[in-house]
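Summary of structural features
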Amino acid sequence: MTNLPGTPVSRSAFLAAAVGLVLAACGGGNRDSAIGPRSSEVPSSAALPTSAPETTAQPAGSGEASVIPAALIGATTINGDPFDANILAGRPTVAWFWAPWCVICRGEAPDVADIAARYEGKVNFVGIAGRGETPAMRDFVSDTGTEGITHLDDSSGDIWASYEIYAQPAYAFITDDGRLETYVGSLGGDGLADIIDKLIAA
């Protein structure tokens, strides 16, 4: 878990605990850290670049400051529309990184769509499409029935790079105060729900 400046460490184990449960249920896996499987080339936890602001404070509905992931500000959807990152304020965010040609991404898409619908109003879901052409990204969304999720066009790879994501599928779990932890690999519906429950409680 990457703890951003000014945030407590006491809430930093939510993903480690949740993924530990997922791996135990799946009989373990190839892992070299507490937060899940990863290859030696793919970091499982990453911060936004230190040369740029990590988060942007925005007013939440309660009047308290909430945090928007800086990497998502100024993004564009796969339909070419500007993405209003302000809609993320006040709730945790799950960013799902996928590629249009990825068979595993396609296979897990229905689970992601179901979980996104189940947690609507509690957690933000954003798809981050990369490593492909925009028309193929739109076809993927149509084919997999994931239209209920806002998908951003990261053809440039800038968002993926900011989270140090270099393989797919992958996730970034971002608390409402701006801390994040990334997970590379498929989680399945139950595994994703378990982590989101921890994210909400964190």
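In this numbering scheme, every chain counts its residues from 1 along its sequence in written order. Under the rules for a predicted model, residues below a pLDDT of 70 receive no local features and side-chain atom pairs below 80 are neither given nor counted, while totals for whole chains, interfaces and linings still include all residues. Neither water nor hydrogens contribute to the side-chain values; these are computed over all heavy atoms in the structure.

It is worth spelling out helix H3 (residues 134-144) at this point. Only protein chains enter the accessibility calculation, which uses a 1.4 Å probe. A residue is then buried if its area is under 20% of the maximum for its type, exposed if over 50%, and partly exposed in between. Helix and strand labels come from DSSP, where a helix needs a run of H or I of at least four residues and a strand needs a run of E of at least two; each type is numbered from the N terminus. The set of residues buried in H3 consists of Thr134, Met137, Phe140, Val141 and Thr144. The buried side chains of H3 occupy one side of the element, clustering within an arc of 110° when seen end-on. Next to the buried residues of H3 lie strand S3 (93-98), helix H2 (103-118), strand S4 (124-130) and strand S5 (150-154). Just beyond H3, the residue with positive phi is Gly145, at close to 70°. Comment: arc refers to directions from the helix axis out to C-beta atoms. Residues count as neighbours in contact if any of their non-hydrogen atoms are within 4.5 Å of one another.

We now examine a negative patch on the surface. Residues form patches when they are more than 30% accessible in relative terms and have no salt bridge. Like charges link within 9 Å. Nonpolar side chains (Val, Leu, Ile, Met, Phe, Trp, Tyr) link within 5 Å. All accessible areas in this document rest on Shrake-Rupley with a 1.4 Å probe, and a residue is counted as covered only by the protein chains that are shown. A carboxyl oxygen of Asp or Glu within 4 Å of a side-chain nitrogen of Lys or Arg is what we treat as a salt bridge. For the charge count, each Lys or Arg is scored as positive and each Asp or Glu as negative, with His and the chain ends excluded. To locate a charge, the coordinates of NZ of Lys, CZ of Arg, CG of Asp or CD of Glu are taken. Together, Asp111, Asp114, Asp190, Asp194 and Asp197 make up a negatively charged patch on the protein surface. Among the elements of the structure, H2 and helix H5 (188-201) are those that each provide at least two residues to the negative patch. In terms of residue count, the dominant contributor to the negative patch is H5 (three residues). In this structure, Asp114 sits in helix H2.

Bringing the pattern of salt bridges into the picture now. Pairs may arise between side chains of opposite charge once their charged atoms sit close together. Evaluated as defined, the whole model comprises two salt bridges. Its salt-bridge partner being Arg106, residue Asp143 comes within 3.6 Å of it at the nearest N-O pair. In this pair, Asp143 is assigned in helix H3 and Arg106 in helix H2, connecting sequence segments 37 residues apart. Using a relative accessible area of 55% as the deciding quantity, one classes Asp143 as exposed. Ionic pairing is found between Asp177 and Arg179, a salt bridge with its closest N-O pair at 3.3 Å.

On to the packing of aromatic side chains. Stacked, edge-to-face and tilted are the three classes for Phe, Tyr and Trp ring pairs, Trp counted by its six-membered ring, which pair at centre distances within 6.5 Å; planes under 30 degrees apart are stacked, over 60 edge-to-face, the rest tilted. Applying the stated criterion across every chain yields a total of six aromatic pairs. Relative to Trp98, the ring of Trp96 lies with its centre 6.0 Å away and its plane at 40°, an arrangement referred to as tilted. Overall, the relative accessible area of 0% leaves Trp98 in the buried class. For the pair Tyr171 and Phe173, a centre-to-centre distance of 5.7 Å together with 20° between the ring planes defines the contact as stacked. Its relative accessible area of 1% is what places Tyr171 among the buried residues. Following the ring pairs from residue to residue traces out a cluster consisting of Trp96, Trp98 and Phe140.

Without other data, these values stay purely geometric and don't point to any function.
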